[in-house]
Structure formats: C-alpha cells, structure tokens
Amino acid sequence: MYVTIDPDAGFCFGVERAIGIAQTELAKSGKLYCLEDIVHNASELERLKETGLIVITHDDLPGLTGERILLRAHGEPPETFEIAEKLKIGLIDATCPIVTKLQERIKKSYQEESGKGAQIVIFGKKGHAEVTGLTGQIGGKAIVISNIADLDLLDFSKPVRLFSQTTMDHDAYEAITVQIKAKMKLLKNDNLQVNNSLCRQVAGRSYSLKEFASSHQVLIFVSDKKSSNGAFLFNVCRSVNKNCYFIHEPSEINPNWFTEVETVGITGATSTPQWLMEEIAEAIEDI
Ligand code: SF4
C-alpha cells in the first residue's frame, strides 16, 4: 500500500508565521499569552501549551495588566489595541500580512467612498474572528453577507464596494457577485466594485486538492472540527472521491478503510500541522 502526504497540505503562510513568532517568544521566556486559539487544531494547540502558551479570551484582558499578549493570524479590530493600551498590555501582533492589507483596503474604501453613499459589503462568516477584525476597521459599518438570502440587507440603488473574507470559497464569491450585479442592473445601477480579496493559499487550493483526492483510492482528511476551512476543503475532496474520511488524530483510523486498497492520500486544512499528518501516515503504514 502506498501512502502519500499531499505536498500542498500543511499550515498556510499566515498560520506558520504566527506559530513561528509564538515559538520565538516562548524560547525566550517560556510563557506567552495568546488571544484566542492561535490555530484551529487541538493537537497543535496542545503541543504549544506544553511549551508555555496560555490561550486567553477577550474577557481575560482586564486581569492581564502589564503582560505581553500575542495576536493570532486572523487579526483584531482597533478596539483590542485600544483596550491593550489602556491596560498597558504589550501586544505581539502576528496578524497575517494578507489580512492586515485587507483591513487597510476596507478602511481606505470606506474613507473615500462612504461619503458618496457607497455600501461596504463583506462576503464572509458572521462572527468569524477575521470578519470581526475587518468590520472593526470601519466601526462595524460594513454589511456582512454569508449567503444569497443576506442580499436583502443591501440597497441595490446605491454603490457597492464588495470584499470577501480571505478564506471564502472562490466559486461562492463569484456566484454572489453575479447575483448582486443582476439586482443592481434591474435598477440601472452599475456602480459595483468587486475586490479580489481571497487568499490564494486557500482559493487556489481546491483545484490541486481535487486532483490529489481523485488520484488516490482512499483519502484521509486531517483537521480539527473547529476549522471552517477544514470543513470546506473536506467537501471539496468528497466531491471527487467518496472514500474520503475526516479524522483529527491517529486513534480515529479504522483499519477496515484500507481493505484491498493500494493508494492512500493524506491531506488537511491550512491549520493542520505537518507532524500530525506524518504520524497518521505512519499509523496507516503499520496497518
Ligand atoms: S489563509 Fe491566507 S490570509 Fe488567512 S492566515 Fe493563511 S495565509 Fe493569511
């Protein structure tokens, strides 16, 4: 049986960078606070906690006066920086540079266009940390849409400046853009600006993933259930290979999956560590 780990799997650039920053700090002091989970993967979180990482929530901030706190790749709204300043908390900002750039673009668009009646629209998951950080740049004045039903929130007679959360699905973003265009056209309004704000590390991934998933008899998808990107990419795999299994650790492997199987592929979300996929590959090879 041949077991292959997807060469395109593993942490995305932003998560890898944030974990690298955390590890550098932990090597210096042996203790580091991180605001919310640094990565949506319980196994990797456990590994980092063993080296001194302490995950806190926004509610814990008032009790951490004078401490140093890491901000993860998703980014934060300006209020977090203001609270930290008041509490004399030192922030180590590990926001992914791609997210920072998007925050700046949204802010600029709002400053330049809201006075002309433009609506800043973000296609993303309501309540997701990145979206909270994005809307926070303009005081919560963005309209967040997650699906076609949310289009009722827009005024199609007014200009629309459309952005997307970095990890949304490329095809879904395109579909929602088509709908907005059509509804604006009915009102003879063509003042729509569509901003390409999808992260290439995720948007481009589904194409290579389909190829990888369809070229193996069995596909093991490794991800934490908390990872929304994991759920999306797993469905991409399932669309081309029905022998696809979602697991988060080696103990979930079922030997029956590999009866008379010659090729097994292992892949994961952008929050799945390489070491975990390697452990799973070894466990399958032992079977
Ligand atoms: S998915 Fe893209 S934008 Fe999001 S953290 Fe990773 S590299 Fe950055």
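Going along each chain's sequence as written, the residues are numbered from 1 onward. Since the coordinates come from a predicted model, pLDDT governs what is reported: local features require at least 70, and pairs of side-chain atoms require 80 or more to be given and counted, while whole-chain, interface and lining totals use all residues. Note that the side-chain values use all heavy atoms of the structure and ignore hydrogens as well as water.

Colleague: How should the overall build of the protein chain be read in this particular structure?
Modeller: In this description a helix means any DSSP run of H or I spanning at least four residues, a strand means any run of E spanning at least two, and both kinds are numbered starting from the N terminus. Within the protein chain, the secondary structure is distributed over 10 helices and 12 strands. For the protein chain, the C-alpha radius of gyration of 21 Å lies close to 19 Å, the compact-globule estimate for 287 residues. Each principal axis of the C-alpha distribution contributes one length, and for the protein chain these read about 65 × 55 × 25 Å. Buried, partly exposed and exposed residues are distinguished by accessible area as a fraction of the type maximum, computed with a 1.4 Å probe on protein chains only: under 20%, between the cut-offs, and over 50%, respectively. Of all 287 residues assigned to the protein chain, the portion counted as buried reaches 49%. Any two residues whose heavy atoms approach within 4.5 Å are treated as being in contact. Pairs at least 24 residues apart make up 71% of the contacts formed inside the protein chain by residues separated by at least 6 positions. Each accessible area value is a Shrake-Rupley result obtained with a 1.4 Å probe; residue values ignore everything except the protein chains displayed when judging cover. About 14,000 Å² of surface is accessible on the protein chain, with carbon and sulfur atoms providing 51% of the total. Only four residue types enter the charge count, namely Lys and Arg as positive and Asp and Glu as negative; His and the chain termini do not. A single reference atom marks each charge: NZ on Lys, CZ on Arg, CG on Asp, CD on Glu. One finds the centroid of the 30 positive side-chain charges in the protein chain at a distance of 10 Å from the centroid of its 39 negative side-chain charges. Put simply, the radius of gyration uses C-alpha atoms, and a globule should come to 2.2 Å times the residue count raised to 0.38.

Colleague: What's the story with a negative patch on the surface in this structure? I'm lost.
Modeller: Patch building starts from residues that exceed 30% relative accessible area and form no salt bridge, then joins like charges within 9 Å and nonpolar side chains (Val, Leu, Ile, Met, Phe, Trp, Tyr) within 5 Å. When a carboxyl oxygen of Asp or Glu lies within 4 Å of a side-chain nitrogen of Lys or Arg, that pair is called a salt bridge. Taken together, the side chains of Glu-278, Glu-279, Glu-282, Glu-285 and Asp-286 define an acidic patch exposed on the protein surface. Residue classification places Glu-282 among the exposed positions, given a relative accessible area of 52%.

Colleague: Can you help me understand the site of the ligand in this one?
Modeller: Residues are counted as near a molecule or strand when any one of their heavy atoms sits within 4 Å of it. Around the ligand, the neighbouring residues are Cys-12, Gly-14, Cys-96, Ile-98, Val-99, Thr-166, Thr-167, Cys-199 and Val-202. Placement of the ligand is best described as lying within the largest cavity. Gly is placed with the polar residues, together with every amino acid not listed as nonpolar (Ala, Val, Leu, Ile, Met, Phe, Trp, Tyr, Cys and Pro) or charged (Asp, Glu, Lys and Arg). For the shell around the ligand, the per-class residue count stands at six nonpolar, three polar and no charged. Only protein atoms enter the 1 Å grid used here, on which a cavity is any set of points holding a 1.4 Å probe that cannot leave and a pocket is any open set flanked by protein within 12 Å on both sides along at least five of seven lines; residues with an atom within 4 Å of a point are listed as lining. A molecule is said to be in a cavity or pocket once over half of its atoms fall within 2 Å of that pocket's grid points.

Colleague: Could you clarify how one ought to interpret the packing of aromatic side chains in this entry?
Modeller: One pair of aromatic rings is described through two measures. These are the centre distance and the angle between the planes. Only Phe, Tyr and Trp rings take part, Trp by its six-membered ring, and two of them pair if their centres are within 6.5 Å. Stacked means planes under 30 degrees apart, edge-to-face means over 60, and tilted covers everything else. Applying the stated criterion across every chain yields a total of six aromatic pairs. With a centroid separation of 5.9 Å and 5 degrees between ring planes, the pair formed by Phe-123 and Tyr-173 is classed as stacked. Taken together, the residues span a long stretch of sequence, with Phe-123 in strand 6 (residues 119-123) and Tyr-173 in helix 6 (residues 170-186) at a distance of 50 residues. Using a relative accessible area of 5% as the deciding quantity, one classes Tyr-173 as buried. Here a set of aromatic residues connected by ring pairs shows up, and it is made of Phe-221, Phe-234 and Phe-246.

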